[in-house]
Amino acid sequence: MSGLAYSSPAGRWVLTATILGSGIAAIDATVVNIALPAIGRSFGTGLQVLQWVVTAYTLTLAGLLLLAGALGDRYGRRRVFTVGVVWFAAASVLCGVAPSGWLLVAARALQGIGAALLTPGSLAILQASFRTEDRSKAIGAWSGLGGVATAIGPFLGGWLVGLGADSWRLIFAINVPIAAAVVLITWRHVPESRDEQASGHVDLFSGGLVTLGLIGVTYGLIEGQALGWGSWQVLAALLAGALFIAGFLWRQTRLTHPMLPLELFRSAQFSATNVVTFIVYGALGGALFLLPIQLQQVAGYSPLQAGVSLLPVTIVMLLLSSRSGALAARIGPRLQMSAGPIVAGIGMALYTRIDADGAYLTEVLPAVLVLGLGLAITVAPLTSTALSAAPETHAGMASAVNNDVARAAGLVAVAVLPAAAGITSAAYASPDLLSAGFHRAVLICAVLCVVAGLLAAVTISNRKPAEAPSFSHCAVCEPPAAATPVAVPASRSLPSPPES
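What you are looking at is a predicted structure, and each value in this text was computed from that prediction instead of being measured.

Q: I keep staring at the overall build of the chain and nothing clicks. Help me out?
A: A tally of regular secondary structure across the chain gives 17 helices and zero strands. Going through the 500 residues of the chain one by one, you find that 60% of them count as buried. In the structure as shown, the chain presents an accessible area of about 18200 Å², 68% of it carried by carbon and sulfur atoms.

Put into structure tokens, the structure is as follows:
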């Protein structure tokens, strides 16, 4: 197939479908964080349930991304993408009508499955549908417009949540008409594609192992504070999770065509880049989970004000990330991967100035701008380094690994950071205690970012990638996901949607 032209009507329809499809998952990740205090008040729940509202979604999304990509390769990317969109919409309806906090958590887990199914397909469809000379334009438009779409999330979510006591349910209802439009456009205009060389069965067992492993570890980390770290439930969950993950890794060594080729990690550059990714995105995920809560519960911001407060980060990322990627292509990634996390850490440390007064211009905006600058310096070089450190035949899988590492980092951070900072259920109910815990939490995140920068300075080499990224991706719009790669094989493309 020769492929579609970027400027053709058919090409624009394909772009529209993929941007809207990935956009609903990204917007949900943004607005749910803004809605957390309202959800807690609606159900009379504390921090523990709110942690699960975020992590249940990320668990199934992160655990099933690799499997979903393989399903698309094997059975058709358009088909799996469409199933994911429909699934996501149906789960959104369940989220919107959930009568209790724990049923909302269950619905969010189902929503994460839909997001996992649609996420790999959006970029893979572009790779397979457009002709070679137009793919960079198409992917650049997908990334840029997707970033703009997710930037709308805080406005829309904050406004909807502010309409009334239970109006947070509307943030899930808006997914339904968008999903319906995506399904219609996809059915009429998106060509089907698959990996014609794919053979054998999709490894469902491996996908189940890694998902169960993440569930066990996350359950143990979240419930450890409530049940006690020495309780048999917590120890059993942590042990079971570790065994499932170990079983997944062992299985990958026994398969001819593993879901995760472990030889990728023989590259010291690739391994080091993913360690830096884990630390940076863990810090980012933890801070962005707690920040909307601090702004609303302590500083008295409305949901709309809390949502809009992070908009400068998005703007800085969109303006500077492509330039950062181009600079890294010329001078190598070490300087930016070393300095960027440290700058981001300074931004997180500035969040300690946010108190009950919460003055935006003097307390919030400086931290937001510095954090955005640090992420703009870091994200594009980090992603291009992860890709360039892997063999070309594994470029898409390298992207998938880096993406999942970022999601797993956010998952662990949301589970662990509140306990590490002393934010208990009692502290969540007390503005003074919550604020003190938030200040400790962002300082922990700041230290982690500095550690990531120093680690990059020691371990990252200045080997230039074969080709620089042609676009930027807003990591903050879609926290805590990794930046999206540029030119990867269609059969292995696994972009970020942005989690949680």
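Q: Can you walk me through the confidence of the model for the chain in this structure?
A: Regions with low pLDDT carry predicted coordinates that are not meant to be interpreted in detail. Per-residue confidence for the chain gives a mean pLDDT of 83, with 87% of residues at or over 70. Ignoring residues within four places in sequence, the model shows residues 465-500, a span with pLDDT below 50, making 152 contacts including any to other chains.

Q: I would appreciate a short explanation of the pattern of salt bridges in the present structure.
A: Oppositely charged side chains may form a pair once their charged atoms are brought near each other. Across all of its chains, the model carries one salt bridge by this definition. Linking R251 and D203 is a salt bridge whose minimum nitrogen-to-oxygen distance equals 3.0 Å. Of this pair, R251 sits in helix α9 (residues 232-254) while D203 is found in the loop between α7 (175-189) and α8 (204-227), placing the two residues 48 residues apart along the sequence. On the basis of relative accessibility, which here comes to 24%, the residue R251 falls in the partly exposed class. The class of D203 is buried, set by a relative accessible area of 15%.

Q: What is the right way to read the packing of aromatic side chains from this model?
A: How two aromatic rings sit relative to each other is given by the distance of their centres and the angle of their planes. This structure, assessed with the given rule, holds four aromatic pairs. Geometrically, the ring pair formed by F43 and W168 is edge-to-face, given 5.5 Å between the ring centres and 70° between the ring planes. Of this pair, F43 sits in helix α1 (residues 9-43) while W168 sits in the loop between α5 (135-161) and α6 (170-173), and the two are 125 residues apart along the sequence. The class for F43 is buried, based on a relative accessible area of 18%.

Q: Teacher, can you tell me more about the environment of W250 here?
A: The residue W250 is located in helix α9 in this model. As for W250 and S206, which are separated by 44 residues in sequence, their C-alpha atoms are 10.0 Å apart.

Q: It is not clear to me how the packing of helix α13 (residues 334-350) against helix α14 (residues 360-388) should be interpreted in this structure. Could you clarify?
A: Relative placement of two packed helices is described by the angle separating their axes and the distance separating the axes. At a closest axis distance of 7 Å, the pairing of α13 and α14 adopts a crossing angle of 155°. In terms of orientation, α13 lies roughly antiparallel with respect to α14. Note on packing geometry: the crossing formed by α13 with α14 is left-handed. Here the contact of α13 with α14 is composed, by residue class, of 16 nonpolar, six polar and one charged.

Q: Hey, could you run me through the nonpolar core in this one?
A: As a rule of thumb, soluble globular proteins bury nonpolar side chains together. By size, the foremost hydrophobic cluster in this structure holds 75 residues, and its most contacted members are L36, L104, W168, I171, F289, M348 and Y351. The contacts of L104, once residues within four sequence positions are left out, are I39, F43, V53, C95, A98, W168 and F172. I19, A68, V80 and V202 belong to the second-largest nonpolar core, a separate cluster that totals 50 residues.

Q: Looking at this structure, how should I read the packing of α8 against α9?
A: Contact pair α8 / α9: the axes reach a minimum separation of 7 Å and the direction vectors enclose 155°. Here α8 lies roughly antiparallel to α9, going by the angle between them. As α8 runs across α9, the sense of the crossing is left-handed. Tallied by class, residues from the contact of α8 with α9 come to 16 nonpolar, nine polar and two charged.

Q: What am I meant to see in the side chain of S206 here?
A: Looking at the element boundaries, S206 is found in helix α8. Among the polar contacts made by the side chain of S206, one reaches the side chain of Q252 at a distance of 3.0 Å. The contacts of S206, once residues within four sequence positions are left out, are F248, R251, Q252, L255 and M259.

Q: I keep staring at α1 and nothing clicks. Help me out?
A: Each turn of an α-helix holds 3.6 residues, which means side chains three or four residues apart point in the same direction. With 35 residues, α1 ought to run about 51 Å at 1.5 Å a step, and its terminal C-alpha atoms sit 47 Å apart, in line with that. For α1, the tally of buried residues reaches 27 of 35 residues, placing the bulk of the element in the interior. Looking at the residues trailing α1, positive phi occurs at G44, about 65°.

Q: When you look at helix α3 (residues 77-97) in this model, what are you seeing that I'm missing?
A: The end-to-end C-alpha distance of α3 is 31 Å, a good match for the 30 Å that 21 residues give at a rise of 1.5 Å each. Of all the residues in α3, the buried ones are R77, V80, F81, G84, V85, F88, A89, A91, S92, C95 and G96. The elements touched by buried residues of α3 are α1, α2 (47-75), α4 (101-129), α6 and α7.

Q: Can you walk me through a nonpolar patch on the surface in this structure?
A: Taken together, the side chains of V83, W87, V93, L94, V97, L110 and V176 make up a nonpolar region of the molecular surface, amounting to roughly 560 Å² of accessible area. For V83, the location among the structural elements is in helix α3. Classification of V83 by relative accessible area gives partly exposed; the value is 42%.

Calculation criteria
- Residues numbered from 1 in each chain as written.
- Predicted model: local features only at pLDDT ≥ 70, side-chain atom pairs only at ≥ 80, totals over all residues.
- Heavy atoms only, no water.
- Helix = DSSP H or I, 4+ residues; strand = E, 2+ residues; numbered from the N terminus.
- Buried < 20%, exposed > 50% of the residue type's maximum accessible area, 1.4 Å probe, protein only.
- Areas by Shrake-Rupley, 256 points an atom, 1.4 Å probe, with all protein chains shown as cover.
- pLDDT = per-residue confidence, 0-100.
- Contact = heavy atoms within 4.5 Å.
- Salt bridge = Lys/Arg side-chain N within 4 Å of Asp/Glu carboxyl O.
- Phe/Tyr/Trp six-rings, centres within 6.5 Å; stacked < 30°, edge-to-face > 60°.
- Axes fitted to C-alpha atoms, helices over the stretch in contact; angles between N-to-C directions.
- Parallel < 35°, antiparallel > 145°, perpendicular 65-115°, else oblique.
- Left-handed = near helix turned anticlockwise from the far one by under 90°.
- Nonpolar A, V, L, I, M, F, W, Y, C, P; charged D, E, K, R; others polar.
- Core = buried A, V, L, I, M, F, W, Y, C linked by side-chain atoms within 4.5 Å.
- Polar contact = N/O pair within 3.5 Å; in protein donor to acceptor, adjacent residues only side chain to side chain.
- Expected span 1.5 Å × (residues − 1).
- Patch = residues over 30% accessible without salt bridge, like charges linked within 9 Å, V, L, I, M, F, W, Y side chains within 5 Å.

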